[in-house]
Amino acid sequence: MTTEQQPRAQWLGRWGFVLAATGSAVGLGNIWKFPYMTGEHGGGAFVLVYLVCILAVGVPVMMTEIAFGRRGRGSPIDAVRRVVTESGRSSAWSLLGWMAMLCGFMILSFYVVVAGWSFSYLWKMLSGGLNGSGVDDMAAIFVANNENPFNLGFWSTLVTLATMLIVGKGVQAGIEKSVSWMMPGMVIMLLILIGYGAFSGGFGEAWSFLFSFNTGSLSSEGMLAALGHAFFTLSLASGAILTYGSYLPDGASIGRTTFSVAIADTLVALMAGLAIFPIIFANGMSPEGGPGLLFMSLPLAFQAMPLGTLFGVLFFVMLSMAALTSSISMVEATVSWLVDNKGITRRTAAWGTGIVLWLVSTLAMLSFNLGADWTLGGRHFFDWLDYLTSRWMMPLGGLGMVLLAGFVLKSETFREELGLAPHWHVLWLFMVRYVSPLGILVIFVDALGIARLQFGLHWPWLLAVLALITVIGELLSPRLRRTLAG
Ligand code: PHE
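This write-up is about the structure you can find in this document. Please read these numbers as outputs of a predicted model, since none were measured by experiment. (Residues numbered from 1 in each chain as written. Predicted model: local features only at pLDDT ≥ 70, side-chain atom pairs only at ≥ 80, totals over all residues. Heavy atoms only, no water.)

Re the overall build of the protein
A tally of helices and strands in the protein yields 20 helices and zero strands. In terms of principal-axis extent, the alpha carbons of the protein reach across some 65 × 55 × 45 Å. Residues counted as buried form 60% of the 486 residues belonging to the protein. Across the protein, every contact between residues at least 6 apart in sequence was considered, and the portion connecting residues at least 24 apart equals 82%. Accessible surface computed for the protein: about 19,200 Å², of which carbon and sulfur atoms make up 69%. (Helix = DSSP H or I, 4+ residues; strand = E, 2+ residues; numbered from the N terminus. Buried < 20%, exposed > 50% of the residue type's maximum accessible area, 1.4 Å probe, protein only. Contact = heavy atoms within 4.5 Å. Areas by Shrake-Rupley, 256 points an atom, 1.4 Å probe, with all protein chains shown as cover.)

Side note on the nonpolar core
Among the nonpolar cores identified, the biggest contains 165 residues, and Ile31, Phe68, Met186, Leu294, Phe295, Phe302 and Phe315 are the most heavily contacted of them. At 19 residues, the largest contribution of residues to this core is made by helix H5 (residues 95-127). Excluding residues that lie within four positions of it along the chain, Leu294 makes contacts with Ile31, Trp32, Ile276, Pro299, Phe315, Phe316 and Leu319. (Core = buried A, V, L, I, M, F, W, Y, C linked by side-chain atoms within 4.5 Å.)

Notes on the layout of surface pockets
The volume enclosed by the largest pocket comes to roughly 750 Å³. In terms of lining residues, the largest pocket is bounded by 27 residues, among which Lys33, Tyr36, Met37, Asp386 and Ser390 are the most central. For the lining of the largest pocket, the elements supplying multiple residues, two or more each, are helix H2 (28-40), H5, helix H10 (220-233) and helix H16 (381-408). Top contributing element to the lining of the largest pocket by residue count: H2, with seven residues. Looking at side-chain class alone, the lining of the largest pocket contains 15 nonpolar, five polar and seven charged residues. (1 Å grid on protein atoms, 1.4 Å probe; cavity = no way out; pocket = protein on both sides within 12 Å on 5 of 7 lines; lining within 4 Å. Points joined across faces, edges and corners; volume = space filled by probe spheres on them. Nonpolar A, V, L, I, M, F, W, Y, C, P; charged D, E, K, R; others polar.)

Here's the deal with the packing of aromatic side chains
Following the criterion strictly, the structure yields 33 aromatic pairs and no others. A centroid spacing of 3.9 Å and a plane angle of 15 degrees characterise the contact between Tyr196 and Phe311, whose relative ring orientation is stacked. With Tyr196 in helix H8 (residues 171-198) and Phe311 in helix H14 (residues 308-342), this pair connects stretches of sequence that are 115 residues apart. Accessibility classification places Tyr196 together with Phe311 in one group, the buried group. For the ring pair Phe209 and Phe277, a centre distance of 5.1 Å and an interplane angle of 65 degrees mean the geometry is edge-to-face. Remark: Phe277 occurs in helix H12 (residues 254-282) and Phe209 occurs in helix H9 (residues 203-211); sequence separation between them is 68 residues. Owing to a relative accessible area of 0%, Phe277 belongs among the buried residues under this scheme. Positioned above the aromatic ring of Phe232, the side-chain terminus of Lys33 is 4.4 Å from the ring centre. A cation sits over an aromatic face here: Arg379 above Tyr387, 3.7 Å from the ring centre. (Phe/Tyr/Trp six-rings, centres within 6.5 Å; stacked < 30°, edge-to-face > 60°. Lys NZ or Arg CZ within 6 Å of the ring centre and 35° of its normal.)

A look at the packing of H14 against helix H15 (residues 346-366)
At a closest axis distance of 9 Å, the pairing of H14 and H15 adopts a crossing angle of 130 degrees. Looking at the two axes, H14 sits oblique to H15. Every pair of crossing elements has a handedness; the one defined by H14 and H15 is right-handed. Counted together, Val331, Glu332, Thr334, Val335, Leu338 and Val339 of H14 and Arg346, Ala349, Ala350 and Thr353 of H15 form the full contact between these two elements. When its residues are assigned to classes, the contact of H14 with H15 shows six nonpolar, two polar and two charged. (Axes fitted to C-alpha atoms, helices over the stretch in contact; angles between N-to-C directions. Parallel < 35°, antiparallel > 145°, perpendicular 65-115°, else oblique. Left-handed = near helix turned anticlockwise from the far one by under 90°.)

Observations concerning the site of the ligand
In the neighbourhood of the ligand, 17 residues make up the surrounding shell, with Ala25, Gly29, Tyr111, Phe232 and Ser235 lying closest. Between the ligand and Ser24 there is a distance of 3.2 Å, counted from a nitrogen atom to a backbone nitrogen or oxygen. At a separation of 2.6 Å, an oxygen atom of the ligand approaches a polar side-chain atom of Tyr111. Its atoms largely coinciding with the cavity grid, the ligand occupies the largest cavity. Contributing elements (two or more residues each) for the shell around the ligand: helix H1 (16-25), H2, H5, H10 and H14. Split into classes, the residues belonging to the shell around the ligand amount to eight nonpolar, nine polar and no charged. (Near = heavy atom within 4 Å. Polar contact = N/O pair within 3.5 Å; in protein donor to acceptor, adjacent residues only side chain to side chain. Sits in = over half its atoms within 2 Å of the grid points.)

Quick word on H14
In a regular helix each residue adds 1.5 Å, so 35 residues correspond to 51 Å; H14 covers 50 Å between its end C-alpha atoms and thus fits that length. In the stretch just after H14, Gly343 is the one whose phi turns positive, near 60 degrees. (Expected span 1.5 Å × (residues − 1).)

Focus: empty space enclosed by the protein
Applying the stated criterion across every chain, the model contains three cavities of 30 Å³ or more. What the largest cavity holds in volume is close to 130 Å³. Along the wall of the largest cavity there are 18 residues; nearest its centre are Ser24, Ile107, Phe232, Ser235 and Met330. Of the residues belonging to the lining of the largest cavity, the class tally is eight nonpolar, ten polar and no charged.

Observations concerning the side chain of Arg8
One can find Arg8 in the segment before H1. A distance of 3.1 Å separates polar atoms of two side chains, one belonging to Arg8 and the other to Ser246. Reaching out from Arg8, the side chain makes a polar contact with the side chain of Asp340 at a distance of 2.8 Å.

Regarding helix H3 (residues 44-72)
Compared with the 42 Å implied by 1.5 Å per residue over 29 residues, the 40 Å span of H3 between its first and last C-alpha is a close match. Of all 29 residues in H3, 24 are buried, a share of seventy percent or more. Just downstream of H3, Arg73 is the residue with a positive phi angle, here 40 degrees.

Structure follows, in structure tokens:
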């Protein structure tokens, strides 16, 4: 193995990790998925639950992942193996690393297709290909865009190429350099778009849609969606954050960086809502546009507005940049693993990964045209990738990670790596032992169809169960007390 001999790359700048990890976190999940999910699940109530999920599950899992990465200084597979062997545990746990790496790769395989939509809509905006007079026209344009495999394939191939080009250049010269201008750039564009939305006349309505918490509209489905989305939007359990964490310099505070990333990610999601919904409301459209919200409703709204084309172009440039800074993070785990273990250069690793990715993503892309009939259990290949990663692999990977950190590994490892003040450490431990696992288990219970949880009714019960598990857990193990003491 060459890892041990070669000094591993580290982020160059003070903000290198935060920018790159925020770039990974902020993506289609924030700008495309979050607004339409909020629209479908009733607005403010969904936003509130989402915020709770980010805090209770997302933040603790992210801290754990970064700690694994920095402690193990390697790709997810190598890093997890090193950290568990340090505690004298079986290296079979590195299966978690394998799953994370595979998960990132699988997400990217369908992500490039959606990112391709964004690129192609940018082109349509520029070339005047989005003229239509109603939602039906826009839907027809969307369908036509998907129907031709060469067209759709062209755009997803372009995304794959751009991703591999950046990753092939390396951690500093490729990833860090590109996020250092793309992230500020996309935030500025988003701010301009919010300003534009503020003058559209729909701002007040959008504000109250996003921020008035009407708990009556809270459904169990919305809660689960929020929980699953917390994983996706923070790029958890898919190798991205762990690998980026492996380049984090020793002195950096994991707690502080995690909060910076989580806050930035959440702010961008809310800002995306504040940019999109005013335009939607000002044009009398429904917020419940579903996945087509950005690609059907929004272009139509832009058409009806002054300087709409200009701002439409700005919007899709922003979306494309957000997507690219995420896609590069999804393959970094695979590329770094290849470089560390197979003795090949980064460039070769990137292009090799790119070819496999291209093949798999082409299959995903075909779900929209030639392969429209290829379904298994009612799902297309594209849907399977999404379903397996978001419903199973991410929660399972996150669960494994927090259970390892909370119960299995030596407590010094995380005490040293996280370097938190004792009361914060206890809080983190409490979260990774009880709150996060319980939250994640709820996703499985639902995915297995064991029970349709009625959260609204059963919140007090859930809390009671949590308290009970905590008491039993702490009675069985004296570790928390030791942690407090030392
Ligand atoms: N967080 C990204 C988004 O919101 C998606 C992502 C998932 C990126 C997993 C990396 C790993 O779009």
